[in-house]
Structures are given as C-alpha cells and as structure tokens.
Amino acid sequence: RALLREISHLVDQRGAELLLVISPPIVDFDKPAEGYEFFVETARLDGYQVVNLMEVFASAEGDNIESLYRPQDPAHLSPRGNRLLAQAVNEALFP
C-alpha cells in the first residue's frame, strides 16, 4: 500500500490521474498468483481506479483466453487481446 500511495503522490504532483492496469499472464487464469485478487481488491478499496484484464477477458464474448495471447508466447497479448486492453483503458479514462 505504501508503494501505491507513493506512486499516486508522484502522479498527482504531475497533474495526472493514476490508472492501474493489471495484465496477468495466461497461466493466472487457471489459478491466479498468490495475492493477485487481494492486490486488486485492496487497490479498489483504497480508491484507485483499476483495469483488471482478468475481468475484461472473462467477459469478452466469443473469445477464449488462449486467443487473447500470442501463440507460443503466453506472456504477451495477441492483436485481439491488445484491442480489448485498449478498449478497457479507453472506457476507464473516458467513461
């Protein structure tokens, strides 16, 4: 929490708004990393705006998770995954 407060303070000093974008690797969809959900919920409870790609991708109609990541590179998003990410960030910044 202290690190997030410091980041938020630095962002505020520059007249910007903090948006946390959490992009998990594909393996986290089967079993999220320890502390993942706690971090997301704590950030939200502390008032930070969060885009959680696990939620964004879970609600994407007609897509399976594998199609949202690059084949043979499960740490990076596919073009479709990047479009969904961009749309979610845009919606968060310009509701």
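Note that the coordinates shown come from a computational prediction; the quantities given were computed from them, not determined experimentally.

**Describing the overall build of the chain**
Step number 1: Secondary structure assignment for the chain yields four helices and four strands.
Step number 2: Projected onto its principal axes, the C-alpha coordinates of the chain cover approximately 40 × 30 × 20 Å.
Step number 3: For the chain, with 95 residues in total, the buried portion stands at 35%.
Step number 4: Long-range pairs, those at least 24 residues apart, make up 56% of the contacts in the chain with a sequence separation of at least 6.
Step number 5: Carbon and sulfur atoms form 54% of the exposed surface of the chain, whose accessible area is close to 6,500 Å².
Step number 6: On the chain, the mean spot of the 8 positive side-chain charges and the mean spot of the 15 negative ones are 4 Å from each other.

**A few points about helix α2 (residues 36-45)**
Step number 1: For α2, every residue scored as buried is listed here: Tyr36, Val40, Thr42 and Ala43.
Step number 2: Note on α2: the residue one or two positions beyond its end, Gly47, has a positive phi of about 95°.

**Section: the pairing of strand β2 (residues 49-52)**
Step number 1: Two strands pair when backbone bridges link them, and strand β1 (residues 19-22) and β2 are joined in this way by four bridges, in the parallel orientation. Within β2, the position partnered with Val21 by the bridge is Val51.
Step number 2: Crossover connection from β1 via α2 to parallel β2: handedness right-handed.

**Focus on unusual backbone geometry**
Step number 1: Within the chain, Gln72 stands out as a residue other than glycine whose phi angle is a positive 65°.
Step number 2: Locating Gln72 in the fold gives a position in the loop between β3 (69-70) and β4 (73-77).

**Overview of the environment of Ser59**
Step number 1: Mapped onto the fold, Ser59 is located in the loop between α3 (53-58) and β3.
Step number 2: It is 29 Å that separates the C-alpha atoms of Ser59 and Ile7, two residues lying 52 residues apart in sequence.

**Digging into the pairing of β4**
Step number 1: Bridge analysis of β3 against β4 gives two bridges, and the strand direction is antiparallel. Paired with Arg70 across the strands is Asp73, a residue of β4.
Step number 2: What sits between β3 and β4 in their antiparallel hairpin is a turn of two residues, with Gln72 showing a positive phi close to 65°.

Rules used in this analysis
Residues numbered from 1 in each chain as written. Predicted model: local features only at pLDDT ≥ 70, side-chain atom pairs only at ≥ 80, totals over all residues. Heavy atoms only, no water. Helix = DSSP H or I, 4+ residues; strand = E, 2+ residues; numbered from the N terminus. Buried < 20%, exposed > 50% of the residue type's maximum accessible area, 1.4 Å probe, protein only. Contact = heavy atoms within 4.5 Å. Areas by Shrake-Rupley, 256 points an atom, 1.4 Å probe, with all protein chains shown as cover. Lys, Arg positive; Asp, Glu negative; His and termini not counted. Charge placed at Lys NZ, Arg CZ, Asp CG, Glu CD. Pairing = 2+ DSSP bridges. Right-handed = clockwise from strand over helix to strand, strands pointing away.

As far as function goes, none of this settles anything; it's purely spatial.
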